[in-house]
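Okay, here's what each chain looks like letter by letter:
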Amino acid sequence: MHKHEKIWLILSTAMIVGFFLFAGYQTFALQMGPPSHQETIDPQKVDETEPFDNPGVFQTGENEYEVVMTLQIFSFTPSEIEIPAGSEVTFTMTSKDVTHGFQIAGTNVNAMVMPGYVQKITQTFNEPGEYLILCNEYCGSGHQLMATTITVK
Amino acid sequence: MALAETIKTKANNALGVNPQDAKISKSYFTVTFLALLIGGTLGLVQGLNRAGLFELPSWLNYYQVLTAHGLLLILVFTAFFTIGYFYAGLSHTLGGLIPKVRKMVWIGFWMKIFGFVLAVIPILMNEASVMYTFYPPMAASPLFYFGLVFIVLGVWMAAFGAFVQVANWRKNHKGQHLPILSFFATGVFVLLFFSSIPVAIEVFMIIPWVLGWMETINVMLSRTLFWAFGHTLVNIWYLTAISVWYVIVPKVIGGRRFSDTLTRVVVILLVILNIPGGFHHQIIDPGISETIKYMHVFMSLAVGFPSLMTAYAMFSVFERTGRAKGAKGLFGFFKKLPWGDVRFLAPFIAMVAFIPAGAGGIVQTTNQLDQVVHNSLWIVGHFHLTLGMTVALTFFGVSYWLIPRISGRILTKKMNKMGVITTILWTIGMSFMAIAMHLVGLLGSPRRTSYTTYGDNATALGWDPYLIFLAIGGTFLIVAVIMQVYSAFHLMFRAPKGEEEFPIAEEEEDASKTPFWTERWSRTILIMLIVVAMAYVIPIVDFIGDPGSPPWKTW
Ligand SMILES: [Cu+2]
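Residues numbered from 1 in each chain as written. Chains lettered and ligands numbered in written order. Predicted model: local features only at pLDDT ≥ 70, side-chain atom pairs only at ≥ 80, totals over all residues. Heavy atoms only, no water.

Asks: Could you give an account of the overall build of chain A, naming the residues involved and the relevant values?
Replies: Along the backbone of chain A there are one helix and ten strands. For chain A, the C-alpha radius of gyration of 19 Å lies well beyond 15 Å, the compact-globule estimate for 153 residues. Once the C-alpha set of chain A is aligned to its principal axes, its extents read approximately 65 × 35 × 30 Å. For chain A, the proportion of contacts with a sequence separation of at least 24, taken over those separated by at least 6, is 58%. When the accessible surface of chain A is summed, it comes to about 6800 Å², and 53% of that surface belongs to carbon and sulfur atoms. Across chain A, the centroid of the 6 positively charged side chains sits 14 Å from that of the 17 negatively charged ones. (Helix = DSSP H or I, 4+ residues; strand = E, 2+ residues; numbered from the N terminus. Rg over C-alpha atoms; globule rule 2.2 N^0.38 Å. Contact = heavy atoms within 4.5 Å. Areas by Shrake-Rupley, 256 points an atom, 1.4 Å probe, with all protein chains shown as cover. Lys, Arg positive; Asp, Glu negative; His and termini not counted. Charge placed at Lys NZ, Arg CZ, Asp CG, Glu CD.)

Asks: Give a description of the coordination of the copper ion that names residues and reports values.
Replies: Residues and elements named next belong to chain A. Those protein atoms acting as donors to the copper ion are His100 (ND1), Cys135 (SG), Cys139 (SG) and Met146 (SD), and they sit at 2.1 to 2.5 Å. Geometry at the copper ion is tetrahedral, judged from its four donor atoms and the angles of 95 to 120° they form at the metal. Of note, the copper ion draws all its donor residues from one chain, in the sequence arrangement H-x34-C-x3-C-x6-M. With His100 in strand 6 (residues 100-104) and Met146 in the loop between strand 9 (129-134) and strand 10 (147-152), this pair connects stretches of sequence that are 46 residues apart. A relative accessible area of 0% means that Met146 is categorised as buried. (Donors = N, O, S within 2.8 Å, 3.2 Å for Na, K, Ca; no water. Tetrahedral: all angles 85-135°; square planar, octahedral: opposite > 155°, others 65-115°. Buried < 20%, exposed > 50% of the residue type's maximum accessible area, 1.4 Å probe, protein only.)

Asks: Summarise the packing of aromatic side chains; cite the residues concerned and give the values.
Replies: Residues and elements named next belong to chain B. Considering all chains together, one arrives at 57 aromatic pairs over all chains under this definition. Their ring planes at 70° and their centres at 5.0 Å tell us that Tyr28 and Phe109 sit as a pair that is edge-to-face. Placement of Tyr28 in helix 2 (residues 19-50) and of Phe109 in helix 4 (residues 99-124) is noted, with a sequence separation of 81 residues between them. On the basis of an interplanar angle of 35° and a centroid distance of 5.3 Å, the ring pair of Phe344 and Phe348 is categorised as tilted. With Phe344 and Phe348 both in helix 11 (residues 342-365), this residue pair falls four residues apart, about one helical turn. Across the pair, Phe348 and Phe344 agree in class, each one buried. Cluster of aromatic residues (ring-pair linked, three or more members): Phe29, Phe77, Phe81, Tyr85, Phe86, Tyr87, Phe189, Phe395, Phe396 and Trp426. The residue whose ring lies beneath Lys112 is Phe80, and the NZ or CZ to ring-centre distance is 5.6 Å. (Phe/Tyr/Trp six-rings, centres within 6.5 Å; stacked < 30°, edge-to-face > 60°. Lys NZ or Arg CZ within 6 Å of the ring centre and 35° of its normal.)

Asks: Account for the environment of Met220 of chain B, naming residues and giving values.
Replies: Of note, Met220 of chain B is situated in helix 7 (residues 219-252). Residue Met220 of chain B is classed as buried on the basis of its relative accessible area, which comes to 0%. Sequence-wise, Met220 of chain B and Asp285 of chain B are 65 residues apart; in three dimensions their C-alpha atoms are separated by 8.6 Å. Excluding its chain neighbours within four sequence positions, the residues that come into contact with Met220 of chain B are Met114 and Tyr117 of chain A together with Gln282, Asp285, Pro286, Ile288 and Phe543 of chain B.

Asks: Talk me through a positive patch on the surface; I want residue IDs and the actual numbers.
Replies: Residue and element names in this part refer to chain B. A contiguous patch of positive charge, built from Lys325, Lys328, Lys335 and Lys336, is present on the exposed surface. Among the secondary structure elements, Lys336 is positioned in the loop between helix 10 (304-324) and helix 11. Residue Lys336 is classed as partly exposed on the basis of its relative accessible area of 36%. (Patch = residues over 30% accessible without salt bridge, like charges linked within 9 Å, V, L, I, M, F, W, Y side chains within 5 Å. Salt bridge = Lys/Arg side-chain N within 4 Å of Asp/Glu carboxyl O.)

Asks: Mind laying out the packing of helix 3 (residues 62-93) of chain B against helix 7 of chain B, listing which residues take part and the relevant values?
Replies: Residue and element names in this part refer to chain B. The N-to-C vectors of helix 3 and helix 7 enclose an angle of 40°; their axes lie 10 Å apart at closest approach. Helix-helix and strand crossings are classified by hand; for helix 3 and helix 7 the assignment is left-handed. When helix 3 is examined against helix 7, the residues Ile74, Leu75, Thr78, Ala79, Thr82, Tyr85 and Phe86 are found in contact with a partner set consisting of Leu233, Trp237, Thr240, Ser243, Val244 and Ile248. In terms of residue class, the contact of helix 3 with helix 7 is built from nine nonpolar, four polar and no charged. (Axes fitted to C-alpha atoms, helices over the stretch in contact; angles between N-to-C directions. Left-handed = near helix turned anticlockwise from the far one by under 90°. Nonpolar A, V, L, I, M, F, W, Y, C, P; charged D, E, K, R; others polar.)

Asks: Any chance you could break down the pattern of salt bridges for me, citing the residues and the numbers?
Replies: Inspection of the entire model under this criterion finds 18 salt bridges over all chains. For Asp47 of chain A, the salt bridge goes to Lys96 of chain A, with nearest N and O atoms at 3.0 Å. With Asp47 of chain A in the loop between helix 1 (3-29) and strand 1 (56-61) and Lys96 of chain A in the loop between strand 5 (87-95) and strand 6, this pair connects stretches of sequence that are 49 residues apart. Under the relative-accessibility criterion, Asp47 of chain A is labelled partly exposed at 45%. Across the salt bridge formed by Arg405 of chain B and Glu499 of chain B, the nearest N and O atoms sit 3.7 Å from each other. Here Arg405 of chain B is found in helix 13 (residues 377-407), whereas its partner Glu499 of chain B is found in the loop between helix 16 (464-493) and helix 17 (521-543), with 94 residues between them in sequence. Relative accessible area serves as the criterion here: at 5%, Arg405 of chain B is assigned to the buried category.

Asks: Could you give me a rundown of the interface of chain B and chain A, with the residues and numbers involved?
Replies: Counting from both sides, the interface comprises 71 residues of chain B and, opposite them, 64 residues of chain A. Taken together, both faces of the contact between chain B and chain A bury some 5500 Å²; the carbon and sulfur share is 64%. Per-residue buried area on chain B facing chain A is highest for Tyr294, Tyr312 and Gln368 of chain B; these three make up 13% of the total on that side. In this structure, the connection of chain B to chain A is made through one salt bridge. Summed over the shared surface of chain B and chain A, the number is 21 residue pairs in polar contact (both at pLDDT 80 or more). Counting residues per element, the ones that place at least two in the side of chain B that touches chain A are helix 7, helix 9 (290-302), helix 10, helix 12 (367-373), helix 15 (458-461) and helix 17 of chain B. (Buried area = accessible area lost by both parts, 1.4 Å probe. Polar contact = N/O pair within 3.5 Å; in protein donor to acceptor, adjacent residues only side chain to side chain.)

Rendered as structure tokens:
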């Protein structure tokens, strides 16, 4: 094996291991892991199952909120959410029909929301403004209409 | 071995092309380029719509067009090319196909066509606007899934045919290494067969459910089975492309192959590591723990290793060839490359595109980075680099010599020039599109969404200037598509008669002997199965028993 080839192989390995370790550091030390909530729900009984029998915005502490949300073709419930600036918001979500995606443009909030599963993702909103929430998984003929907003005051 | 290979190459070239084998590849290529024409046209329709320039008529919806575009280009164009190309390679390097194999690949051909027709009918009737990923609980017409069954069976026939051909050759050539192009073919067909098993299981879960025999379906299980297949498929097209880079391109530039041992190791690694790679499509899914997802970061990143080796190999071949031709200085070898030869130019641009494409792949396998781009147009930009540039341009490059070769014709100077122009137009169009998609995706614009401003939302309106480039890119691309399709059929039916070379590069003269363990496919497959089990047993067992979903038609 040539010298250059060895150098290249070492660099390649270092890069791959580097990415791997960095992803691990972020996930386990900084708690920045991807949304991975593990809880199931009967997708045909969402309306009768807690907490989704009462979707809405709930204050859970000082500057802490929980948004209990259902996704269904082609809307989010609740919609047009308002929260004060600086609050940490946990979205607890499930789908009542097909697979949807929950994305807030301009943030790193991005999670798959699937029927049969409860998904959670947390975000702190420091900057006041109106954020666009949209469905980013194709869910049917009205998919391009599935959006709402979250206003940070 | 180098001498033996020289003799073999000469013998094969002297034998010429078996007309029966040529007919097989020509039929596959005919479908390939028809799929490109229709799929490409549908792509333009989407680009124009997404840019807000074109409203689709009421009888045709965006998602129908998108389903057909995806199916035609990610499955039909690629699968038919790959099979046509490797069967030509098997015939050329293994002394002609045996009659049984010919029959098998023909049966496979018609099964795929039949399956495809079955799948297209409901798409045209808007009964299957479910995308090529067809995630349950969206439920298409049963006909769509029956079509998929026949497509998979047809692919299996082609794979089994290749295995029979290779086994037969090995029986008659004990102790010899499989010729390198056939070695690549074996790797590709092994992967095609094993990766389509999970999707076959998924489709057999779906069929009783869409027929109403089962009330619900396990959504996460079917999604996981899909991606074990879906991502591997893309990497199979990529493995097909790199066979051209390792075996064909060195000959086209007048050089020799990179180390035979390392080439075979790359193939073996790609076979072993590929199937678990599909998991990175599920990084932000519920129902899978962070620990499992983290383990998969490693499994997916590992695929980067053979790709980085390939990058080294290619530039090493270019440099050596250039130096042998008298190039001086660090980058002098660049001037010695045959830039005006489409057989080189197209795969070369394909390789260059794989640099950002591979980097993008690393982004997607790394959990937190993936979360930023998942399901945005960034992803679409990514696979227009991987498939649209890396794979498609390599395939185009092959078409300029392989189609005339099997048609008993030659690539004229004029057609070569046409190919160079096509390559440049394609590169411009795809670059516009892919760059714009990457950028607007970072801003949050979602994939698989027809033109929308979400009620004139300011954020969404800010994406419009980028989306215009989808239409501009699409316009360049459609011109390139028409030229490429014209060239393919011209070279098949109209070009002057003659004998075009099948360019297979030889090993370096001072090459060391390739160890024979590289020929032990049973061991490679066993290791592959162990890796697949490590990747999938825990999550799949976890999903079993989860509450299921009834079917939905939401379009
Ligand atoms: Cu949706």
